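Coordinate inspection notes
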Amino acid sequence: MGITNYKICSNCVMDTTDSKISFDKYGVCDHCNTFKNKILPYWKQDITGEQNLLKLIDKIKIAGKNHEFDCIVGLSGGVDSSYLTYIITDKFGLRPLVFHVDAGWNSQFAVNNIERLIDKLGLDLYTHVVDWEEMKDLQLAYFKSGVPHIDVPQDHAFFATMYDFAFKYNVKYILTGGNYSTECVRNPIEWMYFQSDSIQLKDIHKKFGNRPLNSYMVTNILWHKVYLPYFKGIRVVRPLDFILYNKEEAMKILVDKFGWQRYPQKHFESRFTKFYESYWLPVRFGFDTRRVQYSSLILTGQMTRDEAIQRLSEPAYDPETINQDFEYVANKLGISMTELESYLKAPKKTYKDYRSQESIYNLGAKIMRILRLEKGGKR
Amino acid sequence: MISIVNYGLGNIGAFANVYKRLNIPVKISSRKEDLSGAKKIILPGVGSFDNAMTLLNKSGMRDRLDIMVLQEKVPVLGICVGMQILSNSSEEGKLPGLGWIEGQVRKFDESIFLHKTRLPHMGWNTVEPLTESPLFNKIKNGSRFYFLHSYYFSCINVGYEISHTNYGIIFASAVCSGNIFGVQFHPEKSHKNGIQLLKNFAIF
């Protein structure tokens, strides 16, 4: 991409660093238009939304009757899942099993926030701990593979473990903090390929991994998108889409009620993700996930475009602490800083360089859109 | 036969699964009758000190456990809060502990940490065994175990401390007095090393 071809959306801050971006005659990008045409008309944040949520809550309660808990809620310690945990218990009276997957990279913000919520809401926490030796090996395999989406080992583990738990204990509802309000613009596939693609995960592990994945949980799209929902009746729901969810207000409430701690940027509750999104992706590939996050906030009226542009003019990482972070990641993975640097400079690969289930994802997305079960989505 | 004391706390299933995979027979004991015949006892626990003591006292198993552990010398392994309640008392609560190992449970002093947000201690940390305890058989010095706690066991007699871990200060991550063992970490969440430790407890 030459500098002369550079273009930025006139409405949000997505730009041609997303190579598949297209613009209409007003200079508005396809992310904005997808949001306007495909998501907004169906997204009810008013009283209808809340009524629908109440109906859903009733269904969840009925499904959970005579069980120890009604549903599973995934808690990372970030704002979305923290706020979700708060409202479904305090406001809607659900009895969730609070599920946390520890992949070894929890920041102190995450740990502290989880503790405070659990303690004050009187909930039980179920922690699944990923085998660190396997995790480390798989993460190194992703570094060696040269692809941009090296955060897959964490993300995949979070979801695979939750699906597995729901299946084993026959819990019908999995609640996640996923939401349009802060995530209506999605990371382009070339930046972050589908985290749940087990074929790709296994291929990269086979080529670059050194130890078998004995306890690392692997899911498969056909299992969790088809078998679990349609044969076992296990659904993933996103309650935050039914209410007026404003990130800043949610954080204020969490701070006031729980002594919850703010953290500098979305996804920084994981020390690895912080390193990956603020340093690795922008420096090695030129992909700045803040564009995606800020664009979502612009589209949902939570940030102005001017503020986003101003913030984007600062580097994505903190130059003062990046050396420490770099060293921390290398040490934790058990490699030298020189080795980590060599992966930073190694030839770039994409998800297309390895086996994948891309065709299944594309077909699935098409069907979901035709059936209107999914709006927007990745591209 | 290993008895896992089910007094309403801790992930009983996780221990049962580990032993099932190891082909070691276990029994989940919810009443004192279930404890008979136990050659080893596992005392799990999560949550707060007082809650653990209240539930254990109410379980109907307390007296039988006292006799088995203190008189019949049946080996017992307390885990996390199950370890902390082996002590006399805790800064976290008002109720007396089991008093099986003399000591007090203290809160980590956050003021000595570099950051204010260091509690709970959650995640992997290394464990340095101090003695040749059968619990750490085939487990290398500095092996990683999984922790989740804000309080630690401070023994009156440091000789009861059989492993140390560093989290701002050096604290006892495992304790032992005769047939009474306790570990602050979660072996059931610590994968290979944890399974080895649970196996060690079962077969020594």
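Here we summarise the structure given alongside this text. Quick caveat: nothing in here was measured; it's all calculated off a predicted structure.

1. Thoughts on the interface of chain A and chain B
In many analyses, interface size is given as the accessible surface area lost on bringing the parts together. Taken together, the contact between chain A and chain B spans 14 residues of the former and 12 residues of the latter. Looking at the side of chain A that touches chain B, the elements that each hand over two or more residues are helix 4 (108–121) and strand 3 (125–129) of chain A. The biggest single contributor to the side of chain A that touches chain B is helix 4 of chain A, with five residues. A class-by-class count of the residues in the side of chain A that touches chain B yields four nonpolar, seven polar and three charged.

2. Section: unusual backbone geometry
At His267 of chain A, a residue that is not glycine, the phi angle is positive and equals roughly 75 degrees. For His267 of chain A, the location among the structural elements is in the loop between helix 10 (247–258) and helix 11 (271–285). When the 17 C-beta atoms within 10 Å are taken as the criterion, His267 of chain A is described as partly exposed. A positive phi angle is found at Lys73 of chain B, which is not glycine, with a value near 60 degrees. By the secondary structure assignment, Lys73 of chain B is in the loop between helix 3 (62–71) and strand 4 (76–79).

3. Section: helix 5 (residues 191–203) of chain B
Each full turn of the α-helix corresponds to 3.6 residues, which orients residues three or four apart in the same direction. For helix 5 of chain B, built from 13 residues, the straight-helix expectation of 18 Å at 1.5 Å per residue is met to within 8% by its first-to-last C-alpha distance of 18 Å. Of the residues making up helix 5 of chain B, those classed as buried are His191, Asn193, Gly194, Gln196, Leu197, Leu198, Phe201 and Ala202 of chain B.

4. Section: the sheet that holds strand 1 (residues 71–74) of chain A
Residue and element names in this part refer to chain A. A sheet is described by the order of its strands in space; here five strands give the open sequence 3-2-1-4-5, paired in parallel fashion. Looking along the sheet, the strands with just one partner apiece sit at the ends: strand 3 and strand 5 (235–237). Each neighbouring strand pair of the sheet contributes to a mean axis angle of 30 degrees, computed without reference to strand direction. Of the strand pairs in this sheet, strand 1 and strand 4 (residues 173–175) are connected by two bridges, and their pairing is parallel. If you follow Val73 over to strand 4, its bridge partner there is Leu175.

5. Some thoughts on the nonpolar core
Core analysis: the biggest nonpolar cluster contains 131 residues, and Cys71, Ile72 and Val73 of chain A together with Ile42 and Val175 of chain B have the highest contact counts within it. Look past the residues within four positions of Val73 of chain A in its chain and what remains in contact with it is Leu84, Thr85, Ile88, Pro96, Val98, Phe99 and Leu175 of chain A. Grouped together as the second largest cluster of nonpolar side chains are 16 residues, Cys12, Tyr180, Val292 and Leu297 of chain A included.

6. Digging into the environment of Gly178 of chain A
All names here are of chain A. Mapped onto the elements of the fold, Gly178 is located in the loop between strand 4 and helix 7 (180–183). Residue classification places Gly178 among the partly exposed residues on the basis of 17 C-beta atoms within 10 Å. Taking the C-alpha atoms as reference points, Gly178 and Ser198, 20 residues apart in sequence, are found 21 Å from one another. If near-sequence neighbours (up to four positions away) are discounted, Gly178 is found in contact with Glu183 and Arg238.

Cut-offs and rules
Residues numbered from 1 in each chain as written. Chains lettered and ligands numbered in written order. Predicted model: local features only at pLDDT ≥ 70, side-chain atom pairs only at ≥ 80, totals over all residues. Contact = placed C-beta atoms within 7 Å. Helix = DSSP H or I, 4+ residues; strand = E, 2+ residues; numbered from the N terminus. Nonpolar A, V, L, I, M, F, W, Y, C, P; charged D, E, K, R; others polar. Buried ≥ 20, exposed ≤ 12 C-beta atoms within 10 Å, placed from the backbone. Expected span 1.5 Å × (residues − 1). Pairing = 2+ DSSP bridges. Axes fitted to C-alpha atoms, helices over the stretch in contact; angles between N-to-C directions. Core = buried A, V, L, I, M, F, W, Y, C linked by C-beta atoms within 7 Å.

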